[in-house]
Amino acid sequence: MEDYIINLENDDEDEFDLEGKNVAQVKVFNTKGEDITSNCRVIFELSEEALIGLGTELIRLSKRFKDGKHIHLVPSDKQFISQSMGIFLTSKSCEMIIGCTEFGKIEDHLDD
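Residues numbered from 1 in each chain as written. Predicted model: local features only at pLDDT ≥ 70, side-chain atom pairs only at ≥ 80, totals over all residues. Heavy atoms only, no water.

**Q** Looking at this model, I keep getting lost on the pairing of strand β4 (residues 96–99). Mind explaining?
**A** Note on strand geometry: in a regular strand, side chains alternate between the two faces of the sheet. Where burial is concerned, the two faces of β4 differ: the one with Met96 and Ile98 is buried and the one with Ile97 and Gly99 is not. Bridging between strand β1 (residues 70–73) and β4 involves 4 bridges; their strand directions are antiparallel. For Ile71, the partnering residue across the bridge sits in β4 and is Ile98. (Buried < 20%, exposed > 50% of the residue type's maximum accessible area, 1.4 Å probe, protein only. Helix = DSSP H or I, 4+ residues; strand = E, 2+ residues; numbered from the N terminus. Pairing = 2+ DSSP bridges.)

Here it is in C-alpha cells:
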C-alpha cells in the first residue's frame, strides 16, 4: 500500500478515492444468523474520541490489510470492559465485525 497525505481541512478529492476502490459493504444478521440487511438501518453513534480512536485503528488495519482478515468488537459488560479497535462498545451495543475484503471498484457493484 502506498503512503497517503490526507488534508483534514479539505475532502473534495482525496488521493485514495480517485479510482473508486474505497468500497465498503454493511450487512446485518439477526440472532438466528439470518441476513436482514435489506430490512434494517445501522446507526453508529460515536463520541469525538471514539471517532479518532476507531479512525486511527482502521488506518492501522489498512496498513496490515489481508483479504479475509476480520476483527470482532464485543459489547462491554459490568464484569469485563473490553476495548477493541480504539473504542469501547456499551453493554447495549451489538457485536460488530470488521472484515477486510477486496471489492474491486464501485462500478462493479452498481445496478444497471
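**Q** What is the right way to read the nonpolar core from this model?
**A** Inside soluble globular proteins, nonpolar side chains tend to come together where they are buried. With 11 residues, the main nonpolar core is built from Ala50, Leu54, Leu61, Ile71, Leu73, Met85, Ile87, Leu89, Met96, Ile98 and Cys100. Secondary-structure elements contributing two or more residues to this core are α1 (48–63), β1 and β4. With near-sequence residues (within four places) excluded, Ile98 lies in contact with Leu54, Leu58, Leu61, Lys69, His70, Ile71, Leu73 and Met85. (Core = buried A, V, L, I, M, F, W, Y, C linked by side-chain atoms within 4.5 Å. Contact = heavy atoms within 4.5 Å.)

**Q** Mind showing me how you'd approach a nonpolar patch on the surface here?
**A** Where nonpolar side chains cluster on the molecular surface, the patch consists of Val26, Val42, Phe44, Leu46 and Leu51 and spans about 450 Å² of accessible area. With respect to the secondary-structure elements, Phe44 resides in the segment before α1. Judged by relative accessible area, Phe44 falls into the exposed class, the value being 51%. (Patch = residues over 30% accessible without salt bridge, like charges linked within 9 Å, V, L, I, M, F, W, Y side chains within 5 Å. Areas by Shrake-Rupley, 256 points an atom, 1.4 Å probe, with all protein chains shown as cover. Salt bridge = Lys/Arg side-chain N within 4 Å of Asp/Glu carboxyl O.)

**Q** How should the environment of Ile87 be read in this particular structure?
**A** With respect to the element layout, Ile87 can be found in strand β3 (residues 87–88). For Ile87, a relative accessible area of 8% translates into the label buried. The spatial distance from the C-alpha of Ile87 to the C-alpha of Leu46 is 8.9 Å, given a sequence separation of 41 residues. Residues within four places of Ile87 in sequence aside, it is in contact with Ala50, Leu54, Leu73, Ser82 and Met96.

**Q** Just checking my understanding: could you explain the pattern of salt bridges for this structure?
**A** Close approach of charged atoms allows side chains of opposite charge to pair. Scanning the entire structure with this criterion turns up 1 salt bridge. Residue Arg60 is joined to Glu57 by a salt bridge in which the shortest nitrogen-to-oxygen separation is 2.5 Å. With a gap of 3 residues between them, Arg60 and Glu57 both fall in helix α1, about one helical turn apart. Exposure remark for Arg60: the relative accessible area of 44% places this residue in the partly exposed category.

**Q** What is the right way to read the environment of Gly104 from this model?
**A** If you trace the backbone, Gly104 turns up in the segment after β4. With a relative accessible area of 30%, Gly104 lands in the partly exposed category. Once the C-alpha coordinates of Gly104 and Lys21 are considered, the two residues, 83 residues apart in sequence, prove to be 5.8 Å apart. Sequence-distant contacts of Gly104, that is, excluding residues within four places in its chain, are made with Gly20, Lys21 and Val23.

**Q** Looking at this model, I keep getting lost on unusual backbone geometry. Mind explaining?
**A** If a residue is not glycine, its phi is most likely negative; likewise, a peptide bond is most likely trans. In this structure, Met85 is a non-glycine residue whose phi angle is positive, near 55 degrees. Among the structural elements, Met85 can be located in the loop between β2 (83–84) and β3. On the basis of relative accessibility, which here comes to 8%, the residue Met85 falls in the buried class.

These values are about where atoms sit, not about what they do.
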